[in-house]
Every structure is written in C-alpha cells, then in structure tokens.
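Structural description and commentary
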Amino acid sequence: MRPRLTLHPTLKPTIRHPSPLWQQAFASEQEAQRLIHWLETHPLFQTLQSEGIIRKVRWTRYLPRERYLAYIERHAIAFVHRHRLYEHPEWQLLLTHPDAEEFLGDLAKRWGLPERELRRVVRFLRAQPKPPQELLIADVSPEEVSAPLAIGEADFSEVVDLVAAFVRRYGISQQDFVDYLLSGRYSARQIAERFGCTIAEAQALIEALDRLELQEMLGEPTVALPSPVIPTKMSDEQLLAEVWVDEMGQLRWQFVDAHLTQRYLVDRQRLEEWRRQHGENAELPQLLTALQALNERNSTIAVLLQTLCRLQRDFLRTGNPLDLRPLTQAEVARQIGCHRSVVCRLIKGQWLKTPHGRIALVELFPSRREVIARLHSAFPHWSDRQIADYLRERFGIRLSRRAVTYHRHRADSTDALPQSASHSKGR
C-alpha cells in the first residue's frame, strides 16, 4: 500500500501562478513587444541603464572553436597594442597574478576599456604555453592596431546546447546565467563556487562564451514609439529563423529578427550600491521581473528552435515529408523544461526559412497518425507490421501492428470527413 500523505496543520496547498509580466512576455510576439516598450521607456530603467547597472547586449556572432583559435592570437596582440596596455604598471600583474580576474573589472574601468573584451584577451594570454611577452613582440600591421578584427558566423547552435545543458544540470535560472556568466565578469573559480560546478566545467563554459561576440546596445529603445502609443497590430505570421546546411553538411540556423538575440544584463554589485544610496524603490522589483521574463522568453525560443532542429534534422536537410518524425509539443516541452502550453504559444504563427521553402513550426510536430498516413500513401504495398518495424528502426518509436492499423484507419476516416462535409454543404 502507498503511504498516506499528511499536510502540515497550519499550511494550505496552493497553486503557484506565473507573474502577470511573465504571462505577458510569453503570451505572443505582440504582447512581448508591448512589454519591451513599457520596460525600455520606463524612467527607472533609463536611469539604471545610464549608470551602467542595466546593459542591453545582443549576440552578433559565435565563432566555432577552430576559427576562434585561428584569429584570437592576432586579435589579442592588436588589442594590447591598440590600447598600449604594456605601458600600465599593473599589466604584468594581470598576466602573472593567480587572482588577477578578481580585480580586472576595476582596472578596466580605470583604463576606460570594455571589461568583457579585456577579460577575454587576458584569459587567452595567460593560457598560452609560451610567455605572453613573446606573443606581444609579434609584428602587427597599422590596420590591425587601429581596428578590431571581425570574423565569425551568426549560428548559435553550439552555445545554445552548452548553455541549456549547464542550466538544467545545476538548476540555475536564465537570469542568473545572464548576470553571472554572460556578463563575463567572473572567473572559473568564482563560477564554480557560486553554482556548485567543477572548475573544469566553468572553464569550458567561459571559453565557449568568450567566442560569443556581444554588441553593446545603447540609445533608443528597441521599440521606439512615443508614449502612450502602443505597438500596432503585428502580422499573424512571423519569420522566426533561417535554417541552412553548411559546407561540412551540418545543420545551422540563425534568427531573422535580431531582437531575439538581445539580453538584459544586470550588474548586481552596482545595483546593491545604488540601493544603498537611493533606498528601496517600489517599482524596481517589477522592472527586474519584466527584464527577467523577456530574457527567459528569448532563451526559451532559442532552446526550442535548437531542439526542433536536432529532432527534425533529417527533414530540414532534405525537405522530404517522409523524414518527419512523429513529435508532440509535450515531448519537446519536457526536453526544454517548460509546460506544453508555453511551446504552443511560442510556435504559433512562426515560420522557418529553409533551402526547401518556408515551413511553419507547427508542421514540425506531426502526429503518429499523420506519419503513418504518409508512409501508407508512399508505400501502399507495405503491411502494418512493416510500417511498425520502420517506425522502430528509423525513429525509435515502438508501436504494435494493431496500433498502426488503428491510426491508419483513423487517418483514412479523418481524410474523408472534409470531403463529405463539403458535399453536404454543396447540396
């Protein structure tokens, strides 16, 4: 017998509902844009952004490891020469001190340099087997010194997989990931202490994120509309991303709408200092909840798209409907760690641009009945046992012969209903 559960006498079970701001962020693209407009035109948001407490960044490109290693040495040397870092007395300390990254932020502020870029250069130079001084003697052309290097790809498949695995493994929130990892301010040891991972895992994650190029976004809000005007009605159909096959035969994708690569970064240390100076602000919690909801929405869309591209890889490569595997929204929701209704809202009206034409995201969720009907239509000589064997060998789906027969008959009857209905209407 199963043990009977007893409740605490003073506690009552309640259902936790997501906040209204979270519901708005995930309701639809139009509602998300309304929330962005409200957030970025809020006076408190603009104040915190002007003081560097909240930053808007956008993922512009992600370099595969081999391409990153091919150019980072020249980039680091050019960065050092461009800013003449060797003239600062603390420079050698940065390259040799074991805890250099902990005070690197103060030096970046003092020298007027982008902190993330300085951290990336210092990490690379400290990791080299030959002394950094030998690297810095390398010849650098005037063009390299005067302008940053810029090569890369817009595909984020690898980093999305890495981030999603880390978030699931250690149960951290998307906002904590953005604030503590994407900001680039913390060393591997600090990340390991904060989230309970190993230093090696933290180091691997930092290396991957160093290959992620962030574009600082300043000035106008993303939705530049005068208050109190709200965004006009958007189209019911949105082109979400482009999918292609690279020269190595790998499936790649990138967002069409650049705002989906945007994230809000919060400097927690500066925020605490601001709170001590100005006291508690009643609107601050709502503001932080809004930006966290928007960050989580964009991250969920990225993980959702990456999961769909992985599960329907064969179909997206060939465009052959017979390569579509049976897939439910509930199955994808379990894999990305959200509710099925979230997947339903995020894919509604969204399309992919592929080498085979535009494809609606809902078409990537065929039912077992639809897949069986396609197989029966393409191979009418196959028995139900052969269809069941094919589903098991091709997609790993185990169905009995009787279940295949049931789905095939239901598919035949479903196809017949619209025809009979149209005939009756014509009469």
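Calculation criteria
Residues numbered from 1 in each chain as written. Predicted model: local features only at pLDDT ≥ 70, side-chain atom pairs only at ≥ 80, totals over all residues. Heavy atoms only, no water. pLDDT = per-residue confidence, 0-100. Contact = heavy atoms within 4.5 Å. Salt bridge = Lys/Arg side-chain N within 4 Å of Asp/Glu carboxyl O. Helix = DSSP H or I, 4+ residues; strand = E, 2+ residues; numbered from the N terminus. Buried < 20%, exposed > 50% of the residue type's maximum accessible area, 1.4 Å probe, protein only. Pairing = 2+ DSSP bridges. Axes fitted to C-alpha atoms, helices over the stretch in contact; angles between N-to-C directions. Parallel < 35°, antiparallel > 145°, perpendicular 65-115°, else oblique. Left-handed = near helix turned anticlockwise from the far one by under 90°. Nonpolar A, V, L, I, M, F, W, Y, C, P; charged D, E, K, R; others polar. Phe/Tyr/Trp six-rings, centres within 6.5 Å; stacked < 30°, edge-to-face > 60°. Lys NZ or Arg CZ within 6 Å of the ring centre and 35° of its normal.

**Thoughts on the confidence of the model for the protein chain**
In the predicted model, the protein chain carries a mean pLDDT of 77, and the fraction of residues at 70 or more is 74%. Considering only residues more than four positions removed or in separate chains, one finds that residues 137-154, a stretch of pLDDT under 50, has 37 contacts. Below a pLDDT of 50 lies the segment residues 217-234, which in the model reaches 33 contacts outside its immediate sequence neighbourhood of four places, other chains included.

**Structural notes on the pattern of salt bridges**
On inspection of all chains with the given rule, the structure shows 13 salt bridges. Note that Glu-272 and Arg-275 form a salt bridge whose closest N and O atoms lie 3.0 Å from each other. Taken together, the residues Glu-272 and Arg-275, both in helix α14 (residues 268-278) and 3 residues apart, mark about one turn of the helix. By relative accessible area, which is 35% here, Glu-272 ends up partly exposed. A single salt-bridge network, built from bridges that share partners, covers Asp-314, Asp-323 and Arg-394.

**A closer look at the sheet that holds strand β3 (residues 238-245)**
One open sheet holds the 4 strands; their spatial order is β4-β3-β6-β7, and the pairing between them is mixed. Every interior strand has two partners, whereas the edge strands, β4 (251-255) and β7 (357-360), have only one. Adjacent strand axes in the sheet meet at a mean angle of 30°, parallel and antiparallel pairs treated alike. Here β3 runs beside β4; their pairing, made up of 5 bridges, is antiparallel. From the neighbouring strand, Trp-244 faces β4, where its bridge partner is Arg-252. Across the sheet, helix α15 (residues 284-311) touches β3, β4 and β6 (350-354), and the angle it forms with β4 is around 155°.

**Let's talk about the packing of helix α2 (residues 29-40) against α15**
One can describe the packing of α2 onto α15 by two numbers: an axis separation of 10 Å at closest approach and a directional angle of 140°. In terms of orientation, α2 and α15 fall into the oblique class. Where α2 crosses over α15, the handedness of that crossing is left-handed. Only Gln-286, Leu-287, Ala-290, Leu-291, Leu-294 and Arg-297 of α15 make contact with α2, whose side of the interface consists of Glu-29, Ala-32, Leu-35, Ile-36, Trp-38 and Leu-39. Looking at the contact of α2 with α15, its residues break down into 9 nonpolar, 1 polar and 2 charged.

**As for the packing of aromatic side chains**
Where two aromatic rings form a pair, the distance of their centres and the angle of their planes describe that pair. Per the counting criterion, the structure on display carries 8 aromatic pairs. Ring geometry for Trp-22 versus Phe-26: centroids 4.1 Å apart, planes at 25°, classification stacked. You can see Trp-22 and its partner Phe-26 sitting in helix α1 (residues 20-27), 4 residues apart, about one turn around the helix. Accessibility expressed as a relative area gives 2% for Phe-26, which makes it buried. Residues Phe-166 and Tyr-170 carry aromatic rings whose centres are separated by 5.0 Å and whose planes lie at 50° to one another, so their mutual orientation is tilted. Separated by 4 residues within a single helix, Phe-166 and Tyr-170 lie in helix α10 (residues 157-170), roughly one turn from each other. Through successive ring pairs, a cluster of aromatic residues spans Phe-379, Trp-382, Tyr-390 and Phe-395. Note that Arg-358 overlies the ring of Trp-351, its terminal NZ or CZ placed 5.0 Å from the centroid.

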